[in-house]
Amino acid sequence: MSWIWLYLPMLWLAMVAAIVLWYRRDIGRLWREPVLKRPVLVLESDDWGAGPPVQAAALDNIAAVLGRYRDSAGRRPVVSLAVVLAVPDGRAIGGDATSYRKVCLDEPPLAPVLDALKRGEAEGTFSLQLHGLEHFWPETLMASVDPQVQAWLREPLPASTERLPTHLQSRWTDASSLPSVPLTDEAVHRAVKEEIEVYVRTIGRAPIVVVPPTFVWTPAVERAWAAHGVECVITPGCRYTVRVADGTSVTDGAQFANGDSAGGVTYLVRYDYFEPARGRDANYALRALRRATAEGRPCVLENHRVNFCGDAAVRADSLHELEKLVAGTLRLMPTARFLSSADLYRVMTTRDRQWLREGFGERFPFLWQRLRNTGRLWKLLKLSGAAIPVELLMALKSHATTHPYD
Ligand SMILES: [Zn+2]
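The model shown is predicted, which means the values in this text are computed figures rather than measured ones.

Our focus in this paragraph is the coordination of the zinc ion. Distances from the zinc ion to its protein donors, Asp47 (OD), His131 (NE2) and His135 (NE2), fall at 2.0 to 2.2 Å. Judged by its relative accessible area of 8%, Asp47 falls in the buried class.

Dropping the structure here:
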C-alpha cells in the first residue's frame, strides 16, 4: 500500500494544475491588470444631455457638492458624464410620418442643459464622454409596432429614454424584433461618423472615452469609433452584442481587464454601483472602494441621471449620498484620488509609475486579494489546499507591515 503515498502528491499536483488550467483566462486577467499605488475613485454617471430640462439644475447641484471638496493632492472630485446628443423631435415626426427627426443638444430648447454641462467641465467637476448620438437606434424605434413607443416618439420634449422598453434603449443592435440582428458595418460607420461630428460640434472637441448605451455593442462599432479618434471604451468587464428572445443581453465571450487593448481601443471596467435611488448608497459604494483598494484596482462606479432628476425627495437623497460618498472617501482613505475615466485611461495606457506598483513583490499581495475575490476559483484553491501556504505567508507578512495605504 506504500506506493499510494508516493502517488498522492502527484495526484494533488495534477489536481491543482487542472484547476489553474481551467481558470487560466481569469487568472491571466487578474494578473495582467495594473496594480494601483493608492485608492482611486472614478464616478461615472450616464444618460446626461438631450432630454429633460430638469437636468440643468441637477447638474449645477452636483457641481456644487463636488466643488466643496479637494483630495490631498488638491484635486476636485470629478464625475465623468456620458452624454447623449439628441432625442426625437416629436412635433416634427408627428402624425403618420415615417421619417425620423431629432432635436440636438446644441439646439435652443436644450441650451440650459448644455450650458450646465460645459460650466461643470470648465470648473473641473465634470469630465464629458460620449454615450451616443441617441440612446437608441432610430430606425428600430420608427419600425416598432408597439403603440406606446410610437406615442413616445411623437411626444413633445423632454423625451426621457428611460421610459422606453429596456431592449429598445440599446443603440448598436437592431432590436425591432427579438432576438436582435446585427446592424450592417456600413450603417454602423455612417452612424458613428455622424455622432462624432455632432459631439465635436456640441462639446467643442472629439470624444476620447465612450460608454456604449446599455453595454450592447460590437467589434464593428469599436472599429468605427477607433477610426474616428475614440481611444477608450467603458465596459462591464465583458461585451454584450445581442438582445435575445426575452430582451436580455448576451455576451460574445470577450472579457476585459482594466488596460486591455484590442482593435485600436483600450478598455476600462466598471467595478460596482453608486445608485442611491436603487438602494446602492454611499455606504454601499464605500464598501466597494475598500474592496477595490485592497485589490489594487480603481473603484469605477456606475451611476445614472435618474438619481438626480427624479422627484424632489429622491433628488435630495441622492445629493446627500453623493456628499457622504465624497466626504467618506476622504475621511476613510486620506490618500485617495478622484480621477475621471479619461485620467484613468491615461494612467493605464502610459503605465505611469507614479500611479502603478511595479515588481512582483509589490504587486503580489494585491493580486492575491483579487484571487480571494474570485468566488468559485478561490473556493477550489482553498478546498484543494493549494491556497494554504500562501495564506499563511500573507498572514505572517500582514503582522509585520502596516496597511500599505496609510
Ligand atoms: Zn445609458
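Picking up after the structure, the text goes on.
Right, let's get into the side chain of Glu222. With respect to the helices, strands and loops of the structure, Glu222 is situated in helix 9 (residues 219–227). Dropping the residues within four chain positions of it, Glu222 is found in contact with Trp217, Arg239, Ala262, Val265 and Tyr267.

Our next topic: a nonpolar patch on the surface. Taken together, the side chains of Trp3, Leu6, Tyr7 and Met10 present a nonpolar region at the surface, about 520 Å² in accessible area. Examined against the element boundaries, Met10 turns out to sit in helix 1 (residues 2–22).

For any pair of aromatic rings, geometry is given as the distance between the ring centres together with the angle between the planes. Tallying each qualifying case throughout the model produces eleven aromatic pairs. Arranged with centres 5.8 Å apart and planes meeting at 50°, the rings of Trp137 and Trp172 form a pair that is tilted. Here Trp172 lies in the loop between helix 7 (147–153) and helix 8 (185–203) and Trp137 lies in the loop between strand 5 (126–132) and helix 6 (138–143), a separation of 35 residues in the sequence. A ring pair is formed by Phe360 and Phe364, whose centres lie 5.2 Å apart and whose planes are at 40°; its orientation type is tilted.

So, about the environment of Ala73. Note on placement: Ala73 falls in the loop between helix 3 (55–66) and strand 2 (79–84). The exposure class of Ala73 is partly exposed, given its relative accessible area of 47%.

The element strand 1 (residues 40–49) is extensively covered by neighbouring structure, given that ten of its ten residues are classed as buried. Relative to strand 14 (residues 337–338), strand 1 runs parallel, the two being bridged by two bridges. The residue bridging Val40 from the neighbouring strand is Arg337, located in strand 14. Pairing analysis gives six bridges linking strand 1 to strand 13 (residues 299–304), with the strands arranged parallel. From the neighbouring strand, Val42 faces strand 13, where its bridge partner is Val300.

Turning our attention to the pattern of salt bridges. Evaluated as defined, the whole model comprises 26 salt bridges. In this structure, the salt-bridge partner of Asp260 is Arg32, at a minimum N-O distance of 2.8 Å. Taken together, the residues Asp260 in the loop between strand 9 (249–255) and strand 10 (261–262) and Arg32 in helix 2 (residues 24–32) connect sequence positions 228 residues apart. Take Asp260: its relative accessible area is 12%, and that puts it in the buried class. With relative accessibility at 41%, the residue Arg32 sits in the partly exposed group. With a shortest N-O distance of 2.9 Å, Arg270 and Asp46 are connected by a salt bridge. A residue pair is termed long-range when its members are at least 10 positions apart, and Arg270 in the loop between strand 11 (265–269) and strand 12 (272–273) and Asp46 in strand 1 qualify at 224 residues.

As a further point, take the domain arrangement of the chain. Along its sequence, the chain is carved into domain 1 (40–350) and domain 2 (359–401). Here the C-alpha centroids of domain 1 and domain 2 sit 36 Å apart. At the junction of the two partners, domain 1 supplies six residues and domain 2 supplies four residues. Each partner contributes to the roughly 440 Å² buried at the junction of domain 1 and domain 2, and carbon and sulfur atoms together form 50% of this total. Taken as a group, Ala294, Glu295 and Arg297 account for 79% of the area that domain 1 buries against domain 2, more than any other trio of residues on that side. Our count for the domain 1 to domain 2 interface comes out at zero salt bridges. For the side of domain 1 that touches domain 2, the per-class residue count stands at one nonpolar, two polar and three charged.

On to the pairing of strand 11, then. Across the five residues of strand 11, five count as buried, placing the element largely inside the fold. Judged by which residues are buried, strand 11 turns out to be covered on both faces: Val265, Tyr267 and Val269 on one side and Thr266 and Leu268 on the other are all buried. As judged from the four bridges shared by strand 7 (residues 232–235) and strand 11, these two strands associate in the parallel manner. Bridging from a neighbouring strand, Val233 pairs with Tyr267 of strand 11. Both strand 10 and strand 11 contribute to a ladder of two bridges, which runs antiparallel.

Let's shift gears to the packing of helix 10 (residues 282–294) against helix 12 (residues 312–332). The axes of two packed helices give the description: the angle between them and the distance between them. One can describe the packing of helix 10 onto helix 12 by two numbers: an axis separation of 9 Å at closest approach and a directional angle of 35°. The chirality of how helix 10 crosses helix 12 is right-handed. Packed against helix 10, whose contacting residues are Ala282, Asn283, Ala285, Leu286, Leu289 and Arg290, the element helix 12 presents Glu321, Lys324, Leu325, Gly328, Thr329 and Leu332 at the interface. Per-class residue counts for the contact of helix 10 with helix 12 are six nonpolar, three polar and three charged.

Okay, the nonpolar core next. Formed by 103 residues in total, the largest nonpolar core has its most connected members in Trp172 and Trp225. Here this core takes eight residues from helix 8, the largest share from any one element. Setting aside anything within four residues of it in sequence, one finds Trp225 in contact with Leu130, Trp172, Val192, Glu195, Val210, Pro212, Trp217, Val230 and Val233. Ranked by size, the runner-up nonpolar core spans 13 residues in total, among them Leu30, Phe364, Leu377 and Ala387.

Another point: helix 3. Taking 1.5 Å of rise per residue, twelve residues should cover 16 Å, and helix 3 covers 16 Å from first to last C-alpha, within 8% of that figure. The inward-facing, buried residues of helix 3 contact strand 1, strand 2, helix 5 (111–123), strand 5, helix 11 (306–309) and helix 12.

Right, let's talk about the environment of Glu197 for a bit. Mapping Glu197 onto the fold places it in helix 8. Assessed through its relative accessible area of 44%, Glu197 is described here as partly exposed. Between the alpha carbons of Glu197 and Leu164 there is a distance of 26 Å; along the sequence they are 33 residues apart.

The rules behind the values
- Residues numbered from 1 in each chain as written.
- Predicted model: local features only at pLDDT ≥ 70, side-chain atom pairs only at ≥ 80, totals over all residues.
- Heavy atoms only, no water.
- Donors = N, O, S within 2.8 Å, 3.2 Å for Na, K, Ca; no water.
- Buried < 20%, exposed > 50% of the residue type's maximum accessible area, 1.4 Å probe, protein only.
- Helix = DSSP H or I, 4+ residues; strand = E, 2+ residues; numbered from the N terminus.
- Contact = heavy atoms within 4.5 Å.
- Patch = residues over 30% accessible without salt bridge, like charges linked within 9 Å, V, L, I, M, F, W, Y side chains within 5 Å.
- Areas by Shrake-Rupley, 256 points an atom, 1.4 Å probe, with all protein chains shown as cover.
- Salt bridge = Lys/Arg side-chain N within 4 Å of Asp/Glu carboxyl O.
- Phe/Tyr/Trp six-rings, centres within 6.5 Å; stacked < 30°, edge-to-face > 60°.
- Pairing = 2+ DSSP bridges.
- Domains from an automatic or database assignment.
- Buried area = accessible area lost by both parts, 1.4 Å probe.
- Nonpolar A, V, L, I, M, F, W, Y, C, P; charged D, E, K, R; others polar.
- Axes fitted to C-alpha atoms, helices over the stretch in contact; angles between N-to-C directions.
- Left-handed = near helix turned anticlockwise from the far one by under 90°.
- Core = buried A, V, L, I, M, F, W, Y, C linked by side-chain atoms within 4.5 Å.
- Expected span 1.5 Å × (residues − 1).

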